[in-house]
Amino acid sequence: MDVGIFCAQSHVLIVAGKGGVGKTTMAAALARMASQTGRSVLIVELEGKSGITGAFGLDQDLGYEEMELQPAHGPEQGAVRARRITPDDALVEYLEDHGLRRVSKRLVSSGVVDVVSTAIPGIRDVLVLGKIKQLEREEVADLIVVDAPATGHAITFLTSASGLVSAARGGPLRTQASDVVDLLADPSRCRVMLVTLPEEMPVSETVESAFTLEDKAGVQLGPVIVNATDPDPVGLERSAQEAAVGLDIDPTFLAALEEARVFRLQRHALSASQIERLARDLPLPQLLVPRMETEDIGLAETDRLAAALAHAIGQLAPEVPVP
């Protein structure tokens, strides 16, 4: 599948996954990849300091106002911008849009959001999703990439609107929630991409979350991103001792090499078995992304991950329904 077609099939991509699987890094890589097809991208971050700016080589924190992470460069590279949206920010703007500008910030500072969210479960998430819906309708970018909360909260986040629609009889909040449900249910407007690791617990949670999101949130899922996969262990077929026949190598060093070889093979076998289980239990295409041998993700690493995603997308069949 052509990467440009992949990026054009949905206007909003919500990236979700268990904490620690690299969800934010994948959101940055998807944005970088889409920008390299000439598209403008807006990344929406929901949980505070997340590493989005660091993935583009910057060290500032995101705020409610948009920040440019990458300028446009002719038709080959679109601009990437980012912003943070919190329930308080979304409520202030919502109240201002409904003629309550003078009291909006005072209400938020007084803790009214906490009181209202207790009385109306799900309102925090609906306010945030409502802002994302507004950005999508205003076409602020060719693609909006949402760095969603970790999976446990993401399920609540994405199902809150349907719950509020069922609970509320009418009024502006019900209208807001209904508009959010329409956004989530339309795959030409919005899809969810789950991120996982090739390990037992993340794979199990991803499978469970996928079915829950489809059943309760009514969203359509795109391919699953399998992060930190191991490359095929080429050249490790023979033991260190076999490879060193005829060579004068210290036995202790050889033993250490053999231990490393066995560990590498075992890690690859475990990774491969979990990828197979994911494919068996969750019938979605997979985008395999290699492990980055570094804890710090900067622009160079983001570029490598974006290239890996683009390569994996290129392997998908054109008829596969992806975002």
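Note that the structure is a prediction, hence the values are computed from the model and not measured. (Residues numbered from 1 in each chain as written. Predicted model: local features only at pLDDT ≥ 70, side-chain atom pairs only at ≥ 80, totals over all residues. Heavy atoms only, no water.)

*Asks:* Which residues make up the overall build of the chain, and what are the values?
*Replies:* For the chain, the count of helices and strands is twelve helices and eight strands. The proportion of buried residues among the 323 residues of the chain is 50%. Accessible surface, the chain as shown: approximately 15300 Å² in total, 53% of it carbon and sulfur. (Helix = DSSP H or I, 4+ residues; strand = E, 2+ residues; numbered from the N terminus. Buried < 20%, exposed > 50% of the residue type's maximum accessible area, 1.4 Å probe, protein only. Areas by Shrake-Rupley, 256 points an atom, 1.4 Å probe, with all protein chains shown as cover.)

*Asks:* Before we move on, can you summarise the layout of surface pockets with the specific residues and values?
*Replies:* Considered as a void within the structure, the largest pocket measures approximately 340 Å³ in volume. Along the walls of the largest pocket sit 21 residues, with G22, T25, N227, E295 and I297 positioned nearest its centre. At the level of elements, α2 (23-35) and β7 (224-229) are the ones that each hand at least two residues to the lining of the largest pocket. Looking at side-chain class alone, the lining of the largest pocket contains eight nonpolar, nine polar and four charged residues. Y94, G130, K133, Q134 and Q176 are the residues nearest the centre of the second largest pocket, which is lined by 14 residues in total. Counting only elements with at least two residues in the lining of the second largest pocket, the list comes to α3 (87-97), α6 (123-138) and α8 (172-185). Looking at which element gives the most residues to the lining of the second largest pocket, the answer is α6, with five residues. (1 Å grid on protein atoms, 1.4 Å probe; cavity = no way out; pocket = protein on both sides within 12 Å on 5 of 7 lines; lining within 4 Å. Points joined across faces, edges and corners; volume = space filled by probe spheres on them. Nonpolar A, V, L, I, M, F, W, Y, C, P; charged D, E, K, R; others polar.)

*Asks:* Account for the packing of aromatic side chains, naming residues and giving values.
*Replies:* According to the stated counting rule, one finds zero aromatic pairs in the structure shown. R83 extends its terminal NZ or CZ atom over the ring of Y64, reaching a point 4.5 Å from the ring centre. (Phe/Tyr/Trp six-rings, centres within 6.5 Å; stacked < 30°, edge-to-face > 60°. Lys NZ or Arg CZ within 6 Å of the ring centre and 35° of its normal.)

*Asks:* Describe the pattern of salt bridges, with residues and values.
*Replies:* Applying the stated criterion across every chain, the model contains eleven salt bridges. A salt bridge links D303 to R32, with the shortest nitrogen-to-oxygen separation between them at 2.4 Å. Taken as a pair, D303 in helix α12 (residues 299-314) and R32 in helix α2 lie far apart in primary sequence, 271 residues in all. Between D281 and R280 there is a salt bridge, and its shortest N-O distance comes to 3.9 Å. Linked by salt bridges that have partners in common, K133, R137 and D179 make up one network. (Salt bridge = Lys/Arg side-chain N within 4 Å of Asp/Glu carboxyl O.)

*Asks:* Which residues make up the nonpolar core, and what are the values?
*Replies:* By size, the foremost hydrophobic cluster in this structure holds 50 residues, and its most contacted members are I14, V44, I85, L158 and L213. Residues contacting I14, with those up to four places away along its chain left out, are V146, A148, L158, L184, C190, R191, V192 and M193. Core analysis: the next-biggest nonpolar cluster, separate from the first, contains 42 residues, V80, V145, A308 and L316 among them. (Core = buried A, V, L, I, M, F, W, Y, C linked by side-chain atoms within 4.5 Å. Contact = heavy atoms within 4.5 Å.)

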